Amino acid sequence: MDMLTNVHNLKVGHCNIQGGLIGLSKSIQISELIKKYNIDILSLNETNLNDSIATDTLNIPTNYTFLRKDRGTGSRGGCGLIISKKVAYDDKVKLLKDISHNVEAIWIKIKSSNYYICGFYRSTGFCKLDDFLD
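Residues numbered from 1 in each chain as written. Predicted model: local features only at pLDDT ≥ 70, side-chain atom pairs only at ≥ 80, totals over all residues. Heavy atoms only, no water.

1. Examining helix 1 (residues 24-37)
Helix length check: helix 1 (14 residues) gives 20 Å between terminal C-alpha atoms against 20 Å at 1.5 Å per residue, within 8%. Against strand 2 (41-45), strand 3 (64-69) and strand 4 (79-84) lie the buried residues of helix 1. Downstream of helix 1 by one or two residues, Asn38 has phi in the positive range, about 50°. (Helix = DSSP H or I, 4+ residues; strand = E, 2+ residues; numbered from the N terminus. Expected span 1.5 Å × (residues − 1). Contact = heavy atoms within 4.5 Å.)

Laid out in C-alpha cells, this is it:
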C-alpha cells in the first residue's frame, strides 16, 4: 500500500451515525461512503459504543484503523476516527487545554505536517455550551 505523501490531497469527512457500527446496515453505508469518495479519514460522532464492545468486532474496512473515544457512562454519545492505513499519524497528541472532562474527543496529528484532526461529540446534556466555549 502506498503511503499518502501529500497532505494537500487528504480527504476528510464527518458523519453523525447515531449508533449503528454494530449493525450491518449503517456499517455498510459507511464503507460505501468511504469507497465512493475515497475518504482517508472519516470522523464519526454518536457512535454509542462502550467498553463491552471490542473494536475488532465492528464492521470497519480492513485497510482502515478505528480510533474511538466512548462515553464513560451510559450507552449514548462517543466519537471516533476511521483512518486509512496509508495515512501516517500520531495519536499521542498533547493539547494546551484538556477538554476531555467536557466532551468526548479524539485527536490525531498527521505526521510530517502541522495538520491536526479532531473528532468530537458534545451532548447538550453532558456538556453545556458555555462550559464548552470557556
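Now that the structure is up, let's keep going.
2. Describing the sheet that holds strand 2
The strand order across the open sheet formed by 4 strands is 1-2-4-3, and the pairing between neighbours is mixed. In the strand order of this sheet, the two ends are held by strand 1 (12-16) and strand 3, each with one partner. This sheet shows a mean twist of 15° between the axes of neighbouring strands, independent of strand direction. Where strand 2 and strand 4 come together, 5 bridges link them in antiparallel fashion. Residue Ile41 lies in a different strand from strand 4, and its bridge partner there is Ile83. Contacting strand 1, strand 2, strand 3 and strand 4, helix 1 crosses the sheet at an angle of about 150° to strand 2. (Pairing = 2+ DSSP bridges. Axes fitted to C-alpha atoms, helices over the stretch in contact; angles between N-to-C directions.)

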